[in-house]
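# Chain and residue survey
The residues making up each chain are set out below.
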Amino acid sequence: KEYTQHATLLAAALCLSLMSTSTSASAEPLSAQRQHEAPTKRAPADLLLDAIDVWVTPELVAKAGLTAEHAERVLLNRSERRYRRIRAMAALCITSPERALEVLPELMRSAPDAELRIQAVIHLARAFGEGRRAQVEALLREALTTHKDEKVRAMITRELERSAR
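Residues numbered from 1 in each chain as written. Predicted model: local features only at pLDDT ≥ 70, side-chain atom pairs only at ≥ 80, totals over all residues. Heavy atoms only, no water.

Moving on: the overall build of the protein chain. Regarding its fold elements, the protein chain presents 10 helices and 0 strands. Moving toward the C terminus, one meets the helices and strands of the protein chain in the order α-α-α-α-α-α-α-α-α-α. Considering the protein chain as a whole, with its 165 residues, one finds that 38% of them fall into the buried category. Within the protein chain, counting contacts between residues at least 6 apart in sequence, those at least 24 apart form 57% of the total. A total accessible area of about 11100 Å² is found for the protein chain, and carbon and sulfur atoms account for 57% of it. (Helix = DSSP H or I, 4+ residues; strand = E, 2+ residues; numbered from the N terminus. Buried < 20%, exposed > 50% of the residue type's maximum accessible area, 1.4 Å probe, protein only. Contact = heavy atoms within 4.5 Å. Areas by Shrake-Rupley, 256 points an atom, 1.4 Å probe, with all protein chains shown as cover.)

As structure tokens, then:
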């Protein structure tokens with residue numbers, strides 16, 4: 001019992017010591033202090049690219065002012081996070097399907113990130129309507145015979161089977 005009391009006193013003394021040597025001038029908790037910081041100003045287009053559980057739709061792309069140029073710049077920037085690049089891929093398909101048909105096959109072939117290559121296959125297969133189906137299927141069939149990545153070939157096969165239904 002005496003040991004427990006001694007340990008409790010030591011712990012209390014340590015807490016008091018830490019509180020008195022704190023470098024924070026405010027007695028407010030950190031969470032309250034953060035509320036007073038000015039929020040960083042971010043463009044709506046970047047907010048949309050960073051959003052989680054929000055679909056990239058034509059309406060949201062237009063509302064955010066996300067241009068094809070911005071989407072392509074993010075998509076092709078290797079220093080961007082994968083998530084932003086994939087969302088930019090969707091935005092590019094919406095804002096400039098013609099440009100997406102040029103960029104996505106190249107990404108499917110040569111992106112260093114396997115997940116980006118797979119997402120390029122999915123976006124190619126699903127983002128374009130009947131008017132471009134033959135062109136997209138031809139791109140996918142060619143890639144199926146030439147692509148070295150087994151996972152990418154499996155996704156191409158899956159997407160070609162899906163479009164045949």
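Okay, the layout of surface pockets next. Volume-wise, the largest pocket comes out at about 300 Å³. Considering the residues around the largest pocket, the lining is formed by 13 residues, among which Trp-55, Val-56, Ile-86, Ala-90 and His-123 are closest to the centre. Looking at the lining of the largest pocket, the elements that each hand over two or more residues are α6 (82–95) and α8 (114–126). (1 Å grid on protein atoms, 1.4 Å probe; cavity = no way out; pocket = protein on both sides within 12 Å on 5 of 7 lines; lining within 4 Å. Points joined across faces, edges and corners; volume = space filled by probe spheres on them.)

A few words on the environment of Cys-93. Position of Cys-93 among the secondary structure elements: in helix α6. On the accessibility criterion, Cys-93 (8% relative accessible area) is buried. Each C-alpha atom of the pair Cys-93 and Phe-128 lies 7.9 Å from the other, and the pair is 35 residues apart in sequence. Among residues more than four places away in sequence, those in contact with Cys-93 are Ala-100, Leu-104, His-123, Ala-127 and Phe-128.

Attention shifts here to the packing of helix α5 (residues 68–76) against α6. Close contact between α5 and α6 brings their axes to 8 Å; oriented N to C, the two are set at 150 degrees. Considering how the two elements wind past one another, α5 and α6 form a crossing that is left-handed. On α6, the residues touching Ala-68, Ala-71, Glu-72, Val-74, Leu-75 and Leu-76 of α5 are Arg-84, Arg-85, Ala-88, Met-89, Ala-91, Leu-92 and Thr-95. Classifying every residue of the contact of α5 with α6 by side-chain character gives 9 nonpolar, 1 polar and 3 charged. (Axes fitted to C-alpha atoms, helices over the stretch in contact; angles between N-to-C directions. Left-handed = near helix turned anticlockwise from the far one by under 90°. Nonpolar A, V, L, I, M, F, W, Y, C, P; charged D, E, K, R; others polar.)

Under the criterion given, the structure shown has 1 cavity of 30 Å³ or more. Taken as a whole, the largest cavity holds about 70 Å³ of empty space. If you go around the largest cavity, the residues you meet are Leu-124, Ala-125, Phe-128, Gly-129, Arg-132, Arg-133, Val-136, Glu-137, Leu-140, Glu-159, Leu-160 and Ser-163. Elements with a contribution of two residues or more to the lining of the largest cavity: α8, α9 (130–146) and α10 (150–164). Tallying contributions element by element places α9 first for the lining of the largest cavity, with 5 residues.

This part is about the pattern of salt bridges. By the definition in use, this model includes 14 salt bridges. In this structure, Arg-84 engages Asp-50 in a salt bridge whose closest nitrogen and oxygen atoms are separated by 3.0 Å. Of the two residues, Arg-84 sits in helix α6 while Asp-50 sits in helix α3 (residues 44–50), which places them 34 residues apart along the sequence. As far as the burial class goes, Arg-84 and Asp-50 line up, both buried. (Salt bridge = Lys/Arg side-chain N within 4 Å of Asp/Glu carboxyl O.)

Moving on: α5. Residue pairs three or four apart in sequence face the same way in an α-helix, which turns once every 3.6 residues. Buried within α5 are the following residues: Ala-68, His-70, Ala-71, Glu-72, Val-74 and Leu-75. Tucked inside the fold, the buried residues of α5 contact α3, α6 and α7 (97–110).

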